[in-house]
Amino acid sequence: MSSRDLILGRVRAALTDVPADDLPYERAVQRGYRQEHGERTLADTVDLLAENLADYRAIVHRTDEAGLPELLARLLAEHGTRSVLVPRGLPPHWLAASAAEQIQDRAEDTPRELDRIASVVTGCAVAVAETGTLVLDGGPDQGRRRITLVPDHHICVVRVPEQVVSSVPQALGRIDPTRPLTWISGPSATSDIELDRVEGVHGPRRLEVILAG
Amino acid sequence: MSDEKAPPPTHADAPPPALAEAPTPAPMPGDAPAFVGMPSFPRAARDAVRDTTLRANLRHATHTIRDKRAVAVAELDDWAALREAGRQIKDHTLRHLDRYLEQLEASVTAAGGTVHWAIDAEEANRIVADLVKATGETEVVKVKSMATQEIGLNEALADEGIHAYETDLAELIVQLGKDRPSHILVPAIHRNRDEIRDIFAREMSAWGRPAPEDLTDAPAALAEAARLHLREKFLRAKVGVSGANFMVAETGTLVVLESEGNGRMCLTLPETLISVVGIEKIVPTWRDLEVFLQTLPRSSTAERMNPYTSMWTGITDEDGPRSFHLVLIDNGRTDTLADEVGRQALRCIRCSACLNICPVYERAGGHAYGSVYPGPIGAILSPQLRGTGSEIDASLPYASSLCGACYDVCPVAIDIPEVLVHLRERVVEGGPVTRGGTKTVIRPARGHAAERAAMRAARWASTHPGVLRAGQRLASRTRRLHPRTLPGPGKAWTATRDLPPMPPEPFRDWWQRTNGGKDGLR
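Just so it is clear, the structure is predicted and the values come from calculations on it, not from any experiment. (Residues numbered from 1 in each chain as written. Chains lettered and ligands numbered in written order. Predicted model: local features only at pLDDT ≥ 70, side-chain atom pairs only at ≥ 80, totals over all residues. Heavy atoms only, no water.)

Section: the environment of His154(A)
All names here are of chain A. Position of His-154 among the secondary structure elements: in strand β7 (residues 153-159). A relative accessible area of 1% means that His-154 is categorised as buried. Considered as a pair, His-154 and Gly-200 are 46 residues apart in the sequence and their alpha carbons are 13 Å apart. What His-154 contacts, discounting residues up to four positions off in sequence, is Val-120, Thr-122, Leu-136, Thr-148, Ile-184, Pro-204, Arg-206, Leu-207 and Glu-208. In this structure the side chain of His-154 is engaged in a polar contact, spanning 2.9 Å, whose partner is the side chain of Thr-122. (Helix = DSSP H or I, 4+ residues; strand = E, 2+ residues; numbered from the N terminus. Buried < 20%, exposed > 50% of the residue type's maximum accessible area, 1.4 Å probe, protein only. Contact = heavy atoms within 4.5 Å. Polar contact = N/O pair within 3.5 Å; in protein donor to acceptor, adjacent residues only side chain to side chain.)

Here's what the structure looks like:
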């Protein structure tokens, strides 16, 4: 007998005491929890996002669509970035004002090559205000998962208010589970030394978020 | 990018030291096999509580996280409803586990993954070793994973000539320090910053890039040293090994929550990804994540959300590993599932809130539990996964004062005290259990014969009033002759307690003599 059949057989044998239950799953679990916490206007929700991002040491900037190229150019210059990694579908005008060399995200690049690039600029799929979280789903303006991981400086543009939701349940409702997903809440951190949080381990140590809109 | 010049060769570019000459790697103490022969919990704990550094480290860490967790939980006014939903989702999944396992297998396979099944640790280790060997690689990078610790994967791979590099900071501290994990979330919780600095300075050079010469004990400096040390390993890794926090049956999605980015490195940079996951880690639907993504981070690191969560469904063209293997392990889980009271332990999402709140864990530390699963959850999980045959496993249900704090903080409402009492009964009385898929009846554990004899005698005496009365009078009249500690098998009981003083007369005699106390004052 295969281990598969053995395990499934043991599971069934283990459950012989359990009464039959044909309740459809939607009714089997009582979901008495909230879909979001508190009542807020859209503007309040964006403010909460900014507050929670900053609480976990992301650096938050605000601008409108017209001010985006200026701001991106300034942030890259302030970081001393000479080359910036760019996902294939990033709107070209975002980096129109920046002097940094733009390097396209390509499948054939090795991690070692990515490691020599200072910064990466991406969009996101959705942002969660209650937890201060950015969700990336590999869309055209976000690129492969590794490009927001290996460079030490990540600038993420969130279009507000349309990309912002209040809560985790609302975010899951907007995301396609079959895409490769990365949820980012602040720069890389660890609590492994005396259970105290320290920012800056393997992921980008500097996370800047631009709320644009 | 190709025009940029190659980085200078570093120490870490050199191939890893061969097993025969390596001063430090493998066999490491501290994984499943090395726990065999552990002394019983009371003996191990007796040594641990005398270690004042350990106690100070644990007290500092557990109190820090305890207070933060309370704040993070208080932010959600629907915590009780989230906890209840989490309990129900897990219970529902367990009661239909066969169905959800089949569904998961189908959806992972449809998404381009390959599913393997392992009945025990040995089979799981063999599957992983064969998968690694098939790639031609001799090293793997690992995301922190309880399941791979439980099965002793690193040692099994070392036996096959494969180096497994732990990349979580705390796991790295444990691996470099040739130590054993002592906490589910922070395996090096028993180490303070000075000790970590010393371990890094002493050991890193044998494994790759040495620690910086001027390494201080500042947590940021230690994190930086780990970043530099592991960077080369991540960038060259061809095989990643992980566990998973959740597997979604409906979609075939696996979920890993982490903080440092080492998880993302291992999950996205290598060409091959092997995930080793216990069969109980399933949730039925995508939507179910909305409960656990709220309760797990707040319960474990006391954050609204952990810095990084990765979710992947099979393989994706040109993003991440080109081949994905899921190894589903039983290793005692179906035996645990067969126990009507004990099966609730399988709800556990490994948050470690019960460790952080536990007064016994805080004083005894994780090593005394003799398992990769320490603390209250370990005290009910290890004896069920492994059976109560060994001295350590038979003693674990007693590693608790039954204060109930663990139950209060558990985000899936595991009634740990209830299971502890159930397992104590099993140890003392014996009874029906399932081991290796077979229902059997175990005998009472050794060492509890005196207790059982005393209980039987007490039962007989209390159902024979004449005997009880005679015995009580005899005891009262001879009270000056009683020793302060019991001899023989009773010695263990009085080793940590004083014998209660015997009253000059039995209660019933006093009642009769004083007319129920009414004449007592005269």
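Moving on from the coordinates now.
Concerning the pairing of strand β10 (residues 189-193) of chain A
Residue and element names in this part refer to chain A. Most of β10 is tucked away: 5 of the 5 residues are buried. With 3 bridges joining them, β10 and strand β11 (residues 196-199) adopt antiparallel strand pairing. Among the inter-strand pairings, Thr-190 is bridged to a residue of β11, identified as Val-198. (Pairing = 2+ DSSP bridges.)

Considerations on helix α4 (residues 79-95) of chain B
Taking 1.5 Å per residue as the helical rise, α4(B) with its 17 residues ought to reach 24 Å, and the 24 Å between its terminal C-alpha atoms agrees with that figure. Inspection of α4(B) places Trp79(B), Leu82(B), Arg83(B), Ala85(B), Gly86(B), Gln88(B), Ile89(B), Lys90(B), His92(B), Thr93(B) and Leu94(B) among the buried residues, and these make up the whole buried set. (Expected span 1.5 Å × (residues − 1).)

Some points on the pattern of salt bridges
Within the structure shown, the criterion is met by 55 salt bridges over all chains. Glu75(B) is the salt-bridge partner of Arg304(B), the closest N and O atoms lying 3.1 Å from each other. In this pair, Arg304(B) sits in the loop between α13 (289-300) and β9 (308-313) while Glu75(B) sits in the loop between α3 (52-74) and α4, placing the two residues 229 residues apart along the sequence. A salt bridge links Arg202(B) to Glu203(B), with the nearest nitrogen and oxygen atoms 3.1 Å apart. Residue classification places Arg202(B) among the exposed residues on the basis of a relative accessible area of 52%. What emerges from the salt-bridge pattern is a single network uniting Arg4(A), Asp5(A), Arg12(A), Asp98(B), Glu102(B) and Glu105(B). (Salt bridge = Lys/Arg side-chain N within 4 Å of Asp/Glu carboxyl O.)

Observations regarding the confidence of the model for chain B
Put simply, chain B has an average pLDDT of 90, and 92% of its residues get 70 or more. ipTM for the predicted complex: 0.97, alongside a pTM of 0.90. (pLDDT = per-residue confidence, 0-100.)

So, the interface of chain B and chain A
Contacts between the two partners involve 107 residues from chain B and, on the opposite side, 85 residues from chain A. Between chain B and chain A lies a buried interface of about 8,600 Å² when both sides are counted; carbon and sulfur atoms form 56% of it. Applying the counting criterion to the chain B and chain A interface returns 16 salt bridges. The closest approach of N and O atoms between Arg145(A) and Asp319(B), which form a salt bridge, is 3.2 Å. Summed over the shared surface of chain B and chain A, the number is 45 residue pairs in polar contact (both at pLDDT 80 or more). A total of 13 residues in the side of chain B that touches chain A trace back to one element, the largest contributor, which is helix α11 (residues 219-236) of chain B. Across the side of chain B that touches chain A, the residue classes tally to 48 nonpolar, 27 polar and 32 charged. Summarising the sheet, strand β9 (residues 181-184) of chain A and β9(B) pair through 4 bridges and their orientation is antiparallel. Bridging across to β9(B), Trp183(A) finds its partner in Thr309(B). (Buried area = accessible area lost by both parts, 1.4 Å probe. Nonpolar A, V, L, I, M, F, W, Y, C, P; charged D, E, K, R; others polar.)

Focus: the sheet that holds strand β12 (residues 206-212) of chain A
All names here are of chain A. Taken together, 6 strands build an open sheet; the order of strands is β1-β12-β7-β4-β2-β3 and the sheet is parallel. With one partner strand each, in any of the chains shown, β1 (59-63) and β3 (101-104) form the two edges of the open sheet. Across the sheet, the mean angle from the axis of one strand to that of its neighbour is 25°, orientation sign disregarded. Pairing of β1 with β12 involves 5 bridges; the strand directions are parallel. Each bridged residue has a counterpart across the sheet, and for Val-60 the counterpart in β12 is Val-209. (Axes fitted to C-alpha atoms, helices over the stretch in contact; angles between N-to-C directions.)

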